[in-house]
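Descriptive structure summary
Read off the chains here:
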Amino acid sequence: ELVASDDTLVTVTPGLFVDLGGAVAGVDGPPQLTAKGPLTRGSTLKLALTHAPPTAPCIVWISFSSTPLPAFGGTLYAVPMAAQFLFLTDAQGQFSVSAPWPPGVPSGTNIFFQFLLRDVTVPAGVTLSNAVTAATP
């Protein structure tokens, strides 16, 4: 179980992603991150982002634990960050990526994903997507 930003407990079922919230509204509302995949060796993990600023740089933060932190008017859940990757949204403010789940990830490993996006329409110049989390089965 995890504690969400509003102090509620969130139950994480192995292999199923949970939306933790935390998004900040930008040019097209709050960017929405979805994740799919069973998190088993060789299975496909897919991350999809919608309602993001068009043709904007975005960074996905990946974490294996979460110490929620208020940031940019939302909540950053993928802290401490273990890895980050830079991408660019398309002209419609969307992005998706698929990758095989690596072998050797122990059962019960928690993983968090959240995007930080450049958005010149907001005072901080940065918006956050919602965060998603899951545990490996």
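Quick note: structure is the one above.
The text that follows walks through the structure, step by step, so that each part is easy to find. (Residues numbered from 1 in each chain as written. Predicted model: local features only at pLDDT ≥ 70, side-chain atom pairs only at ≥ 80, totals over all residues. Heavy atoms only, no water.)

1. Concerning the nonpolar core
Phe-17, Leu-49, Phe-113 and Phe-115 are the most contacted members of the largest nonpolar core, which has 19 residues in total. At the level of elements, strand 4 (32-36), strand 5 (44-50), strand 6 (57-63), strand 11 (110-118) and strand 13 (131-135) are the ones that each hand at least two residues to this core. Per-element tally for this core: the top contributor is strand 11, with four residues. Residues within four places of Leu-49 in sequence aside, it is in contact with Pro-31, Gln-32, Leu-33, Cys-58, Thr-89, Gly-93, Gln-94, Phe-95, Phe-115, Leu-117 and Ser-129. Counting residues in each nonpolar core, the second largest holds 14 residues, with Ala-71, Leu-76, Ala-78 and Leu-128 among its members. (Core = buried A, V, L, I, M, F, W, Y, C linked by side-chain atoms within 4.5 Å. Buried < 20%, exposed > 50% of the residue type's maximum accessible area, 1.4 Å probe, protein only. Helix = DSSP H or I, 4+ residues; strand = E, 2+ residues; numbered from the N terminus. Contact = heavy atoms within 4.5 Å.)

2. A short note on the sheet that holds strand 10 (residues 95-100)
On the basis of which strands lie adjacent, the open sheet formed by three strands has the order 4-5-10 and antiparallel pairing. With partners counted over all chains shown, the strands left at the sheet margins are strand 4 and strand 10, one partner each. Taken over all neighbouring pairs, the strand axes of this sheet differ in orientation by 10 degrees on average, direction set aside. (Pairing = 2+ DSSP bridges. Axes fitted to C-alpha atoms, helices over the stretch in contact; angles between N-to-C directions.)

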